[in-house]
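# Examination of the molecular architecture
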Amino acid sequence: MIVATAGHIDHGKTLLVKALTGVDADRLPEEKRRGLTIDLGFAYRHLGGDAVLGFIDVPGHEKFVRNMLAGVSGIDFALLIVAADDGPMPQTEEHLAILDLLGVKAGAVAITKKDRVAPQRLAEATEEIGVLLAGTTLEAAPVFPLSAMTGDGVAALQDHLEAAALAFDTRRDNGNFRLAIDRSFTIAGAGLVVTGTVYAGRVSVGDRLLLSPAGTPVRVRAIHAQDRDATQGRAGERCALNISGSGIGRHSAHRGDWILAEPAHAPVQRLDATLGLLGSEQRAFRHWTPVHLHLAAAAVTGRVAVLEGGSITPGKLGLVQLVLDEPIGALIGDRFILRDQSARRTIGGGRIIDPFSPARGRARPERISVLRQMGSGDPAAELRALLAASSDGVDLSCFALARNLTGAESDALWEKVEMIRSGSSRHQTGIAPAHWDALLDAVMGVLRDWHAKRPDQPGPEEARLRRALPGRPSEALFGAAMLDLLRAGRIARDGAHLTLPGHRPAFSAADAALWARIEAMIVEGGARPPRVLEIAEAVSLDGRATERFLQRAARVGLVMRVADNRFYAPAALLDLARLAQALAADAPEDGFTAGAFNKRTGIGRNLTIQLLEFFDKKGLTRRDGAGRKLTAKPEDVFSQ
Ligand SMILES: Nc1nc2c(ncn2[C@@H]2O[C@H](COP(=O)(O)OP(=O)(O)O)[C@@H](O)[C@H]2O)c(=O)[nH]1
Ligand SMILES: [Mg+2]
């Protein structure tokens, strides 16, 4: 069990930790010289078996609240310390407010310096503390009057802490490994060591992890868990990891970084959260207020968008989006504290409810209603709510990452919740059956409309079809819908176009009239029909329009496009194919040559080559050395 001290400066936190463990947690030379805690100190008391009391001693000075915050974010148990002579002071209140905002429920209160006061004053101090605790998470914490100087009363607290540690229900170590780094240093011969509280999962010697947010890969060389050599560390423990990796040195890790299993690495700058404003605030908290954000051991600056009502009243809770100046690692359920722009005052705190906020529409009513259903701590219920609300489906990979679910944990969840899944295992989308059916219906509807409006054309291309759908589904989801409809034969593919099965583009009346003028030219052209531009000139149209018309004619089977600039009548192609058949019969061994074909047709060398390549493409002929052989009957390839 990890215990953190809390309380005003000089109220006896460090001396009490020493009385409880024998360790002076003020380890820095400057701390020793000034008799003042500046940074976090650590001390352990092993209780036999696996039980350990680990102490994080925090500074009480108002200047060092930032360090205090790095120490208390991952703890299990708070030890609030108040000197009997002073009674509650400003940092007593601020530290208590922070513990309350972080949701720390287990704790005890020590009233120190009992030796310095008369019983009357001790009774007053006890009463003042009772008033302060009322309504906080530590309301029911037992109170221990004592003197760390004389030792009077310390044993009772000691017994209480040991009993609490032995009864402490160690945290579930599910999820991908996450450790919030609060200290890093190098040891000669061993290299870089990072220490901190394990938030989730397990770590073993040899594991490959990432330093986050930088994303630097490292390997775990050695582990100290709860101050002892270990082969493993797990959630709820304080660990020191000796890590190595290419380019890893003294400055590779900092307080506030995470060391993580690879899947848990996803730094973000925009997070949706609940924010509780302290009742002690003088004014309402306004939209876009600049703040210092403290989450786990990290501290960054940013601004807060208030998602509803423009402001939050003191003592009330609101939905916000944290917009940070630099990326941090944060997942759903992580607690945070906000301090004011000059970092002098704690103003509130809350919990992350979505670390992957959408870039736009953060305050839309639909988004707000989704946010309201998040943060329940029941992933299955949250997934169902999200599926119901998202016609475009839910990014399951993000869903699992945001809740730090391992592969096995998320697979089990997907099985529990009714949905249609698509995509790769690394990037899956899930959609509710009702939304899926609606999407498929919408695709069919778009195709029906399309054909009705443009009977002379094939269906739309994929990208066009996707754009035409209401809400424009994501590419992944749209791709899955296409696959499903194609497999079921509900739609068909025609080159790059999608159509309803059996759709043949029809010819409009205007097209038919134009065809009447062009048909003769092409039919009479026989083996050598006029080029597109020649036709265009003859009918006084521009080249592009003529080409588009001939493509439409090709789609209804009136002509076939043999080369970029030449369309043939099918009957002419059938004649030419029969000629190829005869030539091939004359040369069964080597096949017929382009030269022989040109000689018989007289259409010229270029056109001969284009035509024979067209035959190859259509599967009528196949090149074989210098010659060509027939691979199909002319009648099977070309109609009359
Ligand atoms: N008489 C007396 N002095 C104490 C007691 N606890 C702490 N002190 C003294 O109060 C001063 C501040 O103690 P320290 O542990 O550094 O306070 P911190 O700032 O809360 O860590 C030191 O001079 C301590 O020796 C106590 O129970 N009785
Ligand atoms: Mg101290």
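See the structure shown above.
Right, let's walk through the structure included here. Each chain has its residues counted from 1, running along the sequence as written. Think of it this way: whatever chain is written first is A, whatever ligand is written first is 1, and the rest follow in order. Owing to the predicted nature of the model, reporting of local features is limited to residues with pLDDT of at least 70; listing and counting of side-chain atom pairs is limited to 80 or more, with chain, interface and lining totals taken over all residues. To get the side-chain values, take all heavy atoms of the structure and skip hydrogens and water.

### Regarding the overall build of the chain
Formally: Only DSSP runs of H or I with at least four residues qualify as helices, and only runs of E with at least two residues qualify as strands; both kinds are numbered from the N terminus onward. Just to be clear, the radius of gyration here is over C-alpha atoms, and the globule rule we use is 2.2 Å times residues to the power 0.38. When accessible area is computed with a 1.4 Å probe and restricted to protein chains, residues below 20% of their type maximum are described as buried, those above 50% as exposed, and intermediate ones as partly exposed. Residue contacts follow a heavy-atom distance rule, with two residues in contact if any of their heavy atoms lie within 4.5 Å.
Across its full length, the chain carries 20 helices and 32 strands. Taking 640 residues into account, the globule formula puts the C-alpha radius of gyration at 26 Å, and the chain, at 38 Å, lies well above it. Overall, the chain is about 125 × 55 × 40 Å in size when its C-alpha atoms are taken along their principal axes. Looking at the 640 residues of the chain, the share that counts as buried comes to 49%. Partitioning the intrachain contacts of the chain with sequence separation of at least 6 by distance along the chain shows that 65% fall at a separation of at least 24.

### Concerning the packing of helix H14 (residues 509–525) against helix H15 (residues 532–539)
Rule in force here: Between the N-to-C directions of two axes lies an angle of 0 to 180 degrees, each axis being a line fitted to C-alpha atoms and, for a helix, fitted only over the stretch in contact. Throughout this description, any angle smaller than 35 degrees is read as roughly parallel, any larger than 145 degrees as roughly antiparallel, any in the 65 to 115 degree range as roughly perpendicular, and the remainder as oblique. Here a crossing is called left-handed whenever its near helix is offset anticlockwise from the far helix by less than a right angle, and right-handed whenever the offset is clockwise. In the scheme used here, Gly and all other residues not listed as nonpolar or charged are polar, with Ala, Val, Leu, Ile, Met, Phe, Trp, Tyr, Cys and Pro taken as nonpolar and Asp, Glu, Lys and Arg as charged.
Contact pair H14 / H15: the axes reach a minimum separation of 11 Å and the direction vectors enclose 140°. Relative to H15, H14 is oriented oblique. The hand of the H14/H15 crossing is right-handed. Taken together, the residues of H15 that come into contact with H14 (itself represented by Arg517, Ile518, Met521 and Ile522) are Glu534, Ile535, Ala538 and Val539. For the contact of H14 with H15, a count of residues per class yields six nonpolar, no polar and two charged.

### What to know about the site of ligand 1
Let me state the cut-off plainly: Throughout, the term near means that a residue has one or more heavy atoms lying within 4 Å of the molecule or strand in question. Within 3.5 Å is the distance limit for a polar contact, defined as a pair of N or O atoms, with the added protein rule that one can donate a hydrogen and the other accept it, and that residues adjacent in sequence qualify only through two side-chain atoms.
For ligand 1, the set of nearby residues contains 15 residues, the closest of which are Asp10, Lys13, Thr14, Leu15 and Asp115. One of the backbone nitrogen or oxygen atoms of Lys13 is found 2.8 Å away from an oxygen atom of ligand 1. The side chain of Thr14 places a nitrogen or oxygen atom 2.8 Å from an oxygen atom of ligand 1. Among the residues forming the shell around ligand 1, the class breakdown is four nonpolar, six polar and five charged.

### Let's talk about the pairing of strand S4 (residues 77–83)
Rules: A pair of strands is treated as paired once DSSP finds two or more bridges between them.
Within S4, seven of the seven residues are buried, leaving the element largely enclosed by the surrounding structure. Of the strand pairs in this sheet, strand S1 (residues 2–6) and S4 are connected by four bridges, and their pairing is parallel. Within S4, the position partnered with Thr5 by the bridge is Leu79. The pairing of S4 with strand S5 (residues 106–112) spans seven bridges and is parallel.

### Points about the coordination of the magnesium ion (ligand 2)
Each donor-metal-donor angle in an ideal tetrahedron of four donors is 109.5 degrees, and each such angle in an ideal octahedron of six donors is either 90 or 180 degrees. Formally: Only N, O and S atoms count as donors, using a 2.8 Å limit from the metal and a wider 3.2 Å limit for Na, K and Ca, and since water is excluded some coordination spheres may look unfilled.
All of the protein donors around the magnesium ion (ligand 2) are Thr14 (OG1) and Thr37 (OG1); their distances to the metal are 2.0 to 2.1 Å. Placement of the pair is Thr14 in helix H1 (residues 13–21) and Thr37 in the loop between helix H2 (29–34) and strand S2 (41–46), with a sequence separation of 23 residues. By the burial criterion, Thr14 is buried, and Thr37 matches it.

### Considerations on the packing of aromatic side chains
We apply this condition: Stacked, tilted and edge-to-face are the three classes applied to pairs of Phe, Tyr and Trp rings, where Trp contributes its six-membered ring and a pair requires centres within 6.5 Å; stacked means planes under 30 degrees apart, edge-to-face means over 60, and tilted covers the rest. We call a charge positioned over a ring when the NZ of a Lys or the CZ of an Arg lies within 6 Å of the ring centre and within 35 degrees of the ring normal.
Counting across every chain of the model gives seven aromatic pairs. Here a set of aromatic residues connected by ring pairs shows up, and it is made of Phe592, Phe597, Phe614, Phe615 and Phe638. In this arrangement the basic side chain of Arg178 is found over the ring face of Trp258, its NZ or CZ atom lying 4.1 Å from the centre. Across the ring face of Trp450, the terminal group of Arg454 is positioned such that the distance to the ring centre comes to 3.7 Å.

### Quick notes on helix H11 (residues 433–453)
Our working rule: Helix span is expected to be 1.5 Å times the residue number reduced by one.
Between its terminal C-alpha atoms H11 stretches 30 Å, which fits the 30 Å expected from 21 residues at 1.5 Å a residue. Here H11 has its buried residues at Trp436, Leu439, Leu440, Ala442, Val443, Met444, Val446, Leu447, Trp450 and His451. Those residues of H11 hidden inside the fold are in contact with strand S25 (420–423), strand S26 (428–431), helix H12 (462–468), helix H13 (475–487) and strand S28 (497–499).

### A short note on the environment of Pro470
Relative to the helices and strands, Pro470 resides in the loop between H12 and H13. Spatially, the C-alpha atom of Pro470 lies 8.7 Å from that of Leu439, the residues being 31 residues apart in sequence.

### With respect to the sheet that holds S1
Strand order across the open sheet formed by six strands is S2-S3-S1-S4-S5-S6, with mixed pairing between neighbours. With one partner strand each, in any of the chains shown, S2 and strand S6 (143–145) form the two edges of the open sheet. Within the sheet, the average angular offset between the axes of one strand and its neighbour, ignoring direction, is 20°. Relative to S6, S5 runs parallel, the two being bridged by three bridges. Paired with Val109 across the strands is Val143, a residue of S6. Along the sheet, helix H4 (residues 90–101) makes contact with S1 and S4, crossing S4 at roughly 165°. Sheet strands touched by helix H6 (residues 154–167): S2, strand S3 (52–57), S4, S5 and S6. Its angle to S3, the strand with the most contacts, is close to 115°.

### Brief notes about the sheet that holds S26
The strand order across the open sheet formed by three strands is S24-S26-S25, and the pairing between neighbours is antiparallel. At either end of the open sheet lies a strand with only one pairing partner, and these are strand S24 (394–395) and S25. The pairing of S25 with S26 spans four bridges and is classified as antiparallel. Following the sheet pairing, Ser422 is matched in S26 by Thr429.

### Quick word on helix H3 (residues 65–72)
Within H3, seven of the eight residues are buried, which leaves the element mostly enclosed by the surrounding structure. Along H3, the residues classified as buried are Val65, Asn67, Met68, Leu69, Ala70, Gly71 and Val72. Tucked into the core, H3 has its buried residues touching S1, S3, H4, strand S7 (178–187), strand S18 (289–295) and strand S22 (335–339).

### Here we look at the nonpolar core
Our working definition: As used in this record, nonpolar core signifies buried Ala, Val, Leu, Ile, Met, Phe, Trp, Tyr and Cys residues forming a set joined through side-chain atoms within 4.5 Å.
By size, the foremost hydrophobic cluster in this structure holds 65 residues, and its most contacted members are Phe285, Leu322 and Leu338. Setting aside its immediate chain neighbours within four residues, Leu322 contacts Gln269, Arg270, Leu271, Ala273, Leu293, Arg303, Val304, Phe336, Leu338 and Ile352. In terms of nonpolar packing, the next biggest core, distinct from the first, is built from 35 residues, Leu514, Trp515, Ala553 and Ile603 among them.

### Structural notes on the environment of Pro379
Counting through the fold element by element, Pro379 comes out in helix H8 (residues 379–389). According to the relative accessible area criterion, Pro379 is partly exposed, its value standing at 24%. Not counting residues within four places of it along the chain, the set of residues in contact with Pro379 comprises Phe399, Arg403 and Leu413.

### Quick look at the side chain of Glu31
This is how it is decided: Positive: Lys, Arg. Negative: Asp, Glu. His and the chain ends are not part of the count. The term salt bridge refers to a side-chain nitrogen of Lys or Arg lying within 4 Å of a carboxyl oxygen of Asp or Glu.
Relative to the helices and strands, Glu31 is located in helix H2. Although Glu31 is buried, it forms no salt bridge, and the closest oppositely charged side chain is Arg27 at an N-O distance of 5.3 Å.

### As for the pattern of salt bridges
This model, assessed by the stated rule, comprises 29 salt bridges. As a salt-bridge pair, Arg178 and Asp334 come within 2.7 Å of each other at their nearest N and O atoms. With Arg178 in strand S7 and Asp334 in the loop between strand S21 (317–328) and S22, the pair connects residues that are 156 residues apart, well separated along the chain. Across the pair, Asp334 and Arg178 agree in class, each one buried. A salt bridge links Arg493 to Glu462, with the shortest nitrogen-to-oxygen separation between them at 3.0 Å. Remark: Glu462 occurs in helix H12 and Arg493 occurs in strand S27 (residues 492–494); sequence separation between them is 31 residues. The class for Arg493 is partly exposed, based on a relative accessible area of 46%. Salt bridges sharing partners connect three or more residues here, namely Arg121, Glu124 and Glu128.

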